[in-house]
Structure formats: C-alpha cells, structure tokens
Amino acid sequence: IMVIKDIEREDIEFVCKSLGCKPIAHPDSMTADMLGSADLVEEVSIGGSKIIKVLGAVSKVKTVSILVRGSNKLVLEETDRSIHDALCVLRCLVKKRFVIAGGGAPEIQVALRLAEHSQTLVGMEAYCMRAFAEALEVVPYTLAENAGLNPISTVTELRARHLAGETTAGINVRKGMITNILEENVVQPLLVSTSAITLAAETVRSIMKIDDIINVR
C-alpha cells in the first residue's frame, strides 16, 4: 500500500477536488463515500526530484496540475507569478466577457471625458471631478515610465491623439511610440479597468470619512 505523507495544507483542498474524496481526521471515518479512486498512482523521477503522478481520477471536478521547473528559485517565483497573472486574466474574461484596448487608451479616454464633464460643474464637485481625471492619467504615465519613454511627452501626445478622435491610440511599448493599439492586438479585460476605477473610488471615500488620526506608540 502506497502511503504519501507531508502534504501541504494548502494542497489538501486541490487534492480532494481532483480525486473526488474528502479529508478525514481518523481511520475510523474512512468510509466509501469519503474515498476517491484513480486508475494509476505512481512515483515518477524528474530531474533530481520525485513527484506523485495520478492518472484516471474519477471526479466531477476537472483540475490541472502545472509542473514548473527552473534553474533557481528566482526563475521559479517569476514563472509562478506569470502563470498566476494569466489565470487572473482568464478569470476576468469568464466573469465579464468583454475586452477593450490596452496601452493606457481606456484610462486617458475616461480622464478626458471626466475633465470635459467637470467644466459643466461648479464648486467642489468640479474640483473633485478634475482631480479624479488627473489621477487616471497616472496609469499611462507609469506605463510610459516603465517602458523607458519620456512619460510627460508620451502622455501629452496620447492625450492629443485622443482629443483628435483616435480613441484606440495607446502606448506601444515594443515600438516606443503611440500607435493604434487594437491593430497591435494589445487588449485587456474590461473587468480590470472597471474594478480598478471602482476600488479607487471606494478607497477615496474611505479616506474622506476619516475625521482624525490618533498616533499610538
């Protein structure tokens, strides 16, 4: 009988879903409805390490294991982050199946529309609307800065292109210039932008509700 020990606590839920079993705390609870089944369970050597491979698991839930290998810990952590980012993109597309132009195009377009709307307001509302519009320009500014471009001139050109009616103009990181970002197939899930704006607004509201700060040593 093969016995596998030292399973990480965060992996127990995944293993149970994959095998169609349930975790138990005592052998007396090992009944038929708590067990799972598979066609083959074997120990496989890959490189200098060993893994347990399970084939033909009978479960209603479909799961996938991704084996990541690298020359050092830094490469493994970077690969893990890349896979996590890709899965988050898929999750966003499943929740809301819409994509929009990337490259800072949606943020600068929303910023221009808010700035335009602020001119129809007066007093504190107009000031808040303009401030929110300026805050949105931080996204293309940071994107240009990370790409090694001049952020001020890049955002200025991007703003001018959008004012001229080029709503899909965005920052092309590969070419180092402003181009029609849709023609470059650079898109992002709609949920990413809407969630960012919603969370930013909620954060501002939370900060504005703070009446006083008490310093505690």
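These notes cover the structure that comes with them. On a predicted model such as this, the values are computed, not experimentally measured, just so you know.

### Some points on the overall build of the protein
Counting its regular elements, the protein contains seven helices and six strands. Listed by position from the N terminus, the elements making up the protein come as α-β-β-α-β-α-α-α-α-β-β-β-α. Radius of gyration (C-alpha) of the protein: 26 Å, far over the 17 Å computed for a compact globule of 217 residues. Scored against the burial criterion, the 217 residues of the protein give a buried share of 18%. Excluding contacts between residues fewer than 6 apart, the proportion of contacts in the protein whose partners are at least 24 apart in sequence is 48%. Summed over all atoms, the accessible surface of the protein reaches about 16600 Å², with 58% contributed by carbon and sulfur.

### As for helix α4 (residues 123-136)
Taking 1.5 Å of rise per residue, 14 residues should cover 20 Å, and α4 covers 21 Å from first to last C-alpha, within 8% of that figure. Residues of α4 that are buried include every one of Ala126, Ala133 and Leu136, and no others. What you see down the axis of α4 is that its buried residues fit within an arc of 90°, all on one side. When the buried face of α4 is taken as reference, the exposed residues oriented beyond 90 degrees from it are Gly123, Met124, Tyr127 and Glu134.

### Observations concerning a nonpolar patch on the surface
Taken together, the side chains of Met2, Ile4, Ile7, Ile12, Val41, Ile52 and Val54 define a hydrophobic patch exposed on the protein surface, amounting to about 540 Å² of accessible area. Within the fold, methionine 2 resides in the segment before α1 (9-19). Given a relative accessible area of 46%, methionine 2 falls into the partly exposed group.

### Considerations on the packing of α4 against helix α5 (residues 138-146)
Across the interface, α4 lies against α5 with an axial gap of 4 Å and an inter-helix angle of 20°. In terms of axis orientation, α4 runs roughly parallel to α5. Contacts between α4 and α5 pair Glu134, Ala135 and Leu136 from the former with Val138, Val139 and Pro140 from the latter. Looking at the contact of α4 with α5 residue by residue, the class counts come to five nonpolar, no polar and one charged.

### What about the environment of leucine 149?
In this fold, leucine 149 is placed in the loop between α5 and α6 (151-163). Along the backbone, leucine 149 and isoleucine 181 are 32 residues apart, and their C-alpha atoms lie at a distance of 17 Å. If sequence neighbours within four positions are ignored, leucine 149 has contacts with Ala144, Thr154, Ile171 and Gly176.

Reading guide: rules and limits
Residues numbered from 1 in each chain as written. Predicted model: local features only at pLDDT ≥ 70, side-chain atom pairs only at ≥ 80, totals over all residues. Heavy atoms only, no water. Helix = DSSP H or I, 4+ residues; strand = E, 2+ residues; numbered from the N terminus. Rg over C-alpha atoms; globule rule 2.2 N^0.38 Å. Buried < 20%, exposed > 50% of the residue type's maximum accessible area, 1.4 Å probe, protein only. Contact = heavy atoms within 4.5 Å. Areas by Shrake-Rupley, 256 points an atom, 1.4 Å probe, with all protein chains shown as cover. Expected span 1.5 Å × (residues − 1). Arc of directions from axis to C-beta. Patch = residues over 30% accessible without salt bridge, like charges linked within 9 Å, V, L, I, M, F, W, Y side chains within 5 Å. Salt bridge = Lys/Arg side-chain N within 4 Å of Asp/Glu carboxyl O. Axes fitted to C-alpha atoms, helices over the stretch in contact; angles between N-to-C directions. Parallel < 35°, antiparallel > 145°, perpendicular 65-115°, else oblique. Nonpolar A, V, L, I, M, F, W, Y, C, P; charged D, E, K, R; others polar.

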